[in-house]
Amino acid sequence: MGDTSVLNLINLLAFANLILSSAIIIIVFSLLAYILSHNFTSSVARSFGVVLACVLVVFAVDVIVALLNELSAAIPWLRFQWLGIAYLPAAYVHFSDAVLRTTTSRARQRRWLVYAGYGLSLIFLLLGWFSDLVIRDGIQTERILRLMPGPLFWAFSAYYLAAAGLGAVNIIRARRRCLTPTSIRRMTYLIVAYVAPAVGVFPFLLATSSATEVPATLILGLATAANVGVAAMLILMGYSVAYFGVLSPDRVVK
């Protein structure tokens, strides 16, 4: 009876994650469509579009993998998912730099950091696709299909953390440079929502080396909670970004 209950719980959580991942895809696609049609001239909106594209790739693959039963069929998709994971740090630095530049803070060093970020992301992407240095092999346990960390995974983790931290610093600096209560409020929303996509996309399971190290119920439970947070924070980020570079009144944007 106990094993049956655990299996039922795993199946329920797996189904909940599938529904939530599908909902996130719909949200991201809707935000991308809005940006492309209403706000594409804004550098902030365009860079946010890159962030959304990375998130879209990651969660789209999550949905596909959730429908697969064989590890051999899932591994090519999990490798492809690395496209979104590898480029998200660079997209975050790009987005935060664009936000800070709207406050008339321009620095050539920050622009070079954006270029360097995209270069590093390309390197990690190629290593993830064509070698086992960052990600390797794959294991299957319960309803979970995942890759394993390679020797350079921790270097990528350090890069991911540094990029997210730099982006957060840039957003905080942008808020401090805001002059009106409205702009300060919107920037506060952006700061609050900023961390969720990065946390939701990072492959935390790669940090565990054993298939039985973490119970499947705990993994799926945490993933469910994280997906709820990602969905809510993406909407909040989209709300904040929608005001950059538009001439329409607030009531029209809302």
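Note: the structure precedes this text.
These numbers come from a predicted model, not from an experiment.

What follows deals with the overall build of the protein chain. When helices and strands are tallied, the protein chain shows eight helices and two strands. Its helices and strands taken in sequence order, the protein chain reads α-α-α-α-β-β-α-α-α-α from the N to the C terminus. Out of the 254 residues in the protein chain, the part that is buried amounts to 45%. Residue pairs in contact within the protein chain that sit at least 24 positions apart in sequence constitute 76% of those at least 6 positions apart. As presented, the protein chain carries roughly 12,600 Å² of accessible surface, and 69% of it is formed by carbon and sulfur atoms.

A word on the nonpolar core. If you look at the biggest cluster of nonpolar residues, it comprises 62 residues, and the most contacted ones within it are Trp-82, Phe-95, Val-99 and Phe-156. Contributing elements (two or more residues each) for this core: helix H1 (2-38), helix H2 (43-66), helix H3 (71-101), helix H4 (108-130), strand S2 (144-149), helix H5 (153-176), helix H6 (181-201) and helix H7 (216-241). In terms of residue count, the dominant contributor to this core is H3 (16 residues). Once residues within four sequence positions are removed from consideration, Phe-156 is found in contact with Trp-82, Ile-85, Ala-86, Phe-124, Val-134 and Phe-202. Formed by seven residues, the second largest nonpolar core is a distinct cluster that contains Ile-10, Ala-14, Ala-216 and Leu-220.

Among the secondary structure elements, Arg-79 is positioned in helix H3. Beyond its immediate stretch of four places on either side in the chain, Arg-79 contacts Gly-128, Trp-129, Ser-131, Asp-132, Ile-135, Arg-136, Asp-137 and Leu-147.

For any two aromatic rings, the description comes down to two numbers: the centre-to-centre distance and the angle of the planes. Applying the stated criterion to the full structure yields 16 aromatic pairs. Measuring from ring centre to ring centre gives 5.6 Å for Phe-48 and Phe-95, while their planes differ by 45°; the resulting arrangement is tilted. Here Phe-48, found in helix H2, pairs with Phe-95, found in helix H3; they are 47 residues apart in sequence, far enough to count as distant. Judged by its relative accessible area of 1%, Phe-48 is buried. In this structure Phe-95 comes out as buried when scored by relative accessible area, which is 1%.

So, how was this worked out
- Along each chain, numbering runs from 1 in the same order as the chain's sequence is written.
- With pLDDT at 70 or above as the cut-off, local features in this predicted model cover only qualifying residues; side-chain atom pairs require 80 or more to be listed or tallied, and sums for whole chains, interfaces and linings still use all residues.
- Excluding hydrogens and water, the side-chain values take into account all heavy atoms of the structure.
- Counting from the N terminus, the helices are DSSP H or I runs at least four residues long and the strands are E runs at least two residues long.
- Note on classification: 1.4 Å probe, protein chains only; a residue is buried when its accessible area is under 20% of the maximum for its type, exposed when over 50%, partly exposed between these limits.
- In what follows, a contact means two residues having at least one pair of non-hydrogen atoms within 4.5 Å.
- Note on areas: Shrake-Rupley with a 1.4 Å probe; residue coverage comes only from the protein chains shown.
- Think of a nonpolar core as a cluster: buried Ala, Val, Leu, Ile, Met, Phe, Trp, Tyr and Cys residues, connected wherever their side-chain atoms sit within 4.5 Å.
- Here is the rule: rings of Phe, Tyr and Trp (six-membered ring for Trp) pair when centre to centre is within 6.5 Å. Planes less than 30 degrees apart are stacked, more than 60 are edge-to-face, and the remainder are tilted.

Treat this as a map of the structure, not an account of what it does.
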